[in-house]
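Listed below, chain by chain, are the residues.
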Amino acid sequence: MTRAVKRAFKFRFYPTDAQAAQLSRTFGCVRLVYNMALQARTEAWTLRRERINYNATSALLTAWKKTDELAFLNEVSSVPLQQALRHLQTAFTDFWARRAQHPRFKSKKRSRRSAEYTASAFRWRDGTLTLAKMTEPLDVVWSRPLPQGCTPSTVTVSQDAAGRWFVSLLCDDTITPTPAAGAVGIDAGIDSLLTLSTGEKITNPRHERADRKRLARAQRDLARKQKGSANRAKARIKLARIHARITDRRHDHLHKLTTRLVRETQTIVIEDLAVRNMVKNHRLARAISDAAWRQLRTMLEYKTAWHGRTLIAVDRWFPSTRLCSTCGALAQPMPLDVREWTCRCGALHDRDVNAARNILAAGLAVTACGDDVRPQRESSRTGQSSAKQEHPRATKGIPVL
Ligand SMILES: [Zn+2]
């Protein structure tokens with residue numbers, strides 16, 4: 001039996017000067033429209049307790065385009081601007097559902113430069129892609145084949161901080177799920193990227209340590225350069241290139257890993273690391289591993305859905321590290337450098353493997369108890385409470401970030 005799925009295929013492309021200029025202008029307009037609509041929605045709410053929805057912002061956009069000051073919005077395709085309003089709507093929906101923070105303004109320097117085109121705004125013919133307001137097709141490097149006879153439904157163009165251009169095509173594809181059995185728990189680490197409840201440790205991609213050193217040096221270089229100088233601009237590009245290389249290698253690494261896990265295993269249990277708790281930590285290693293964790297989770301979400309597997313996220317407060325996976329006793333809090341510990345029951349634990357086993361057990365408890373298990377906080381933070389009776393809150397199925 002095959003399953004129909006939506007799948008994104010990302011490729012590099014090399015725009016002509018005219019295309020690059022048109023796309024840069026589009027990115028700028030997308031950012032402006034998003035920010036103006038966010039401002040309008042926020043003002044309406046704080047001043048008048050009025051909720052402005054997508055349709056209302058769409059009407060605003062039409063009005064903006066008719067003013068002299070904003071007439072330049074007509075120079076770019078209207079579709080990416082409409083899509084920006086849709087993205088803002090989604091951001092608010094996630095905010096109201098307490099899945100995300102309040103939407104923030106897009107910054108010229110830090111925000112992703114991207115524009116989304118739906119079917120009415122591009123032409124797909126004989127394997128060439130031409131965007132609205134352009135005469136020539138994009139010079140795309142087709143580094144892997146698209147599904148047979150596929151017609152993209154959405155095309156997203158973006159440019160990363162290192163100046164590279166990418167186009168992502170959303171296509172209909174089919175997947176033939178294969179049967180799998182068993183369950184695995186995954187613990188996120190800093191030393192080793194991930195630890196599985198099977199005892200397997202997945203290390204960071206090759207060269208990452210060296211790349212990180214280079215990254216730290218490039219950051220120091222950038223900090224020393226005078227603001228606004230040409231050397232500073234050069235240093236910034238250099239830093240972005242190193243960043244891009246680390247991200248790319250990670251991405252490949254995580255893709256291979258998640259594909260293997262999903263192929264081999266029926267049930268995958270992960271920790272529900274709350275993003276809002278993680279973004280405060282500015283340490284480099286931490287920031288990179290957090291980004292990797294979010295990526296891993298996103299990949300697991302769609303791949304488990306594709307293959308009909310179960311993904312369970314268990315709550316973060318769960319003391320997975322110091323809970324003995326053999327007898328269920330809770331050990332004293334231990335510093336990060338303790339890699340191994342022995343429980344009173346005699347079990348010798350590798351810290352991360354033990355955590356992964358506990359995550360797995362917590363996830364399986366959820367599937368046994370049903371979908372909606374209410375949280376029961378640790379009865380005593382210091383005591384030796386029998387943690388086996390705890391039911392960590394968890395979500396069965398596809399969790400939301
Ligand atoms: Zn024990």
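Refer to the structure above for everything that follows.
Reference entry: report on the structure contained in this document. (Residues numbered from 1 in each chain as written. Predicted model: local features only at pLDDT ≥ 70, side-chain atom pairs only at ≥ 80, totals over all residues. Heavy atoms only, no water.)

### A closer look at the pairing of strand S6 (residues 165–175)
For step 1, the next point in the chain: Burial analysis of S6 places eight of its eleven residues in the buried class, which makes it a mostly covered element.
For step 2, the next point in the chain: By the bridge criterion, ten bridges tie strand S1 (residues 3–12) to S6 in an arrangement that is antiparallel. Pairing of Arg 12 across the sheet is with Phe 166, part of S6.
For step 3, the next point in the chain: The pairing of strand S5 (residues 154–159) with S6 spans six bridges and is classified as antiparallel. Bridge pairing in S6 places Gln 159 opposite Trp 165.
For step 4, the next point in the chain: Here S5 folds back onto S6 in antiparallel fashion, the turn holding five residues, of which Gly 163 has a positive phi close to 90°. (Buried < 20%, exposed > 50% of the residue type's maximum accessible area, 1.4 Å probe, protein only. Helix = DSSP H or I, 4+ residues; strand = E, 2+ residues; numbered from the N terminus. Pairing = 2+ DSSP bridges.)

### Re the nonpolar core
For step 1, the next point in the chain: One finds Leu 23, Tyr 117, Leu 131, Val 155, Val 157 and Val 167 to be the most contacted residues of the largest nonpolar core, which totals 42 residues.
For step 2, the next point in the chain: Ranked by the residues each element gives to this core, the list is headed by helix H1 (residues 17–48), at nine residues.
For step 3, the next point in the chain: Apart from residues no more than four positions distant in its own chain, Val 157 is found in contact with Phe 13, Leu 23, Phe 27, Arg 113, Ser 114, Ala 115, Tyr 117, Leu 131, Trp 165, Phe 166 and Val 167.
For step 4, the next point in the chain: Membership of the second largest hydrophobic core comes to 19 residues, among which are Ile 186, Leu 254, Trp 293 and Leu 300. (Core = buried A, V, L, I, M, F, W, Y, C linked by side-chain atoms within 4.5 Å. Contact = heavy atoms within 4.5 Å.)

### Considering the coordination of the zinc ion
For step 1, the next point in the chain: Taken together, the protein ligands of the zinc ion are Cys 324 (SG), Cys 327 (SG), Cys 343 (SG) and Cys 345 (SG), with distances of 2.3 Å.
For step 2, the next point in the chain: Between the four donor atoms coordinating the zinc ion, the angles at the centre fall across 105 to 115°, so the site counts as tetrahedral.
For step 3, the next point in the chain: The motif formed by the donor residues of the zinc ion, counted along the single chain, is C-x2-C-x15-C-x1-C. Here Cys 327, found in the loop between strand S11 (310–315) and strand S12 (340–342), pairs with Cys 345, found in the loop between S12 and strand S13 (348–350); they are 18 residues apart in sequence, far enough to count as distant. (Donors = N, O, S within 2.8 Å, 3.2 Å for Na, K, Ca; no water. Tetrahedral: all angles 85-135°; square planar, octahedral: opposite > 155°, others 65-115°.)

### A closer look at a positive patch on the surface
For step 1, the next point in the chain: On the surface, a cluster of positive charge is contributed by Arg 209, Lys 213, Arg 217, Arg 220 and Lys 238.
For step 2, the next point in the chain: At four residues, helix H4 (residues 208–224) tops the list of elements feeding residues into the positive patch.
For step 3, the next point in the chain: Examined against the element boundaries, Lys 213 turns out to sit in helix H4. (Patch = residues over 30% accessible without salt bridge, like charges linked within 9 Å, V, L, I, M, F, W, Y side chains within 5 Å. Areas by Shrake-Rupley, 256 points an atom, 1.4 Å probe, with all protein chains shown as cover. Salt bridge = Lys/Arg side-chain N within 4 Å of Asp/Glu carboxyl O. Lys, Arg positive; Asp, Glu negative; His and termini not counted. Charge placed at Lys NZ, Arg CZ, Asp CG, Glu CD.)

### Some points on helix H3 (residues 78–96)
For step 1, the next point in the chain: The terminal C-alpha atoms of H3, which comprises 19 residues, lie 28 Å apart, in line with the 27 Å expected from a rise of 1.5 Å per residue.
For step 2, the next point in the chain: Looking at the packing, one finds that the buried side of H3 touches H1, helix H2 (54–66) and strand S2 (113–118).
For step 3, the next point in the chain: Phi turns positive, to about 60°, at Arg 98, one or two residues after H3. (Expected span 1.5 Å × (residues − 1).)

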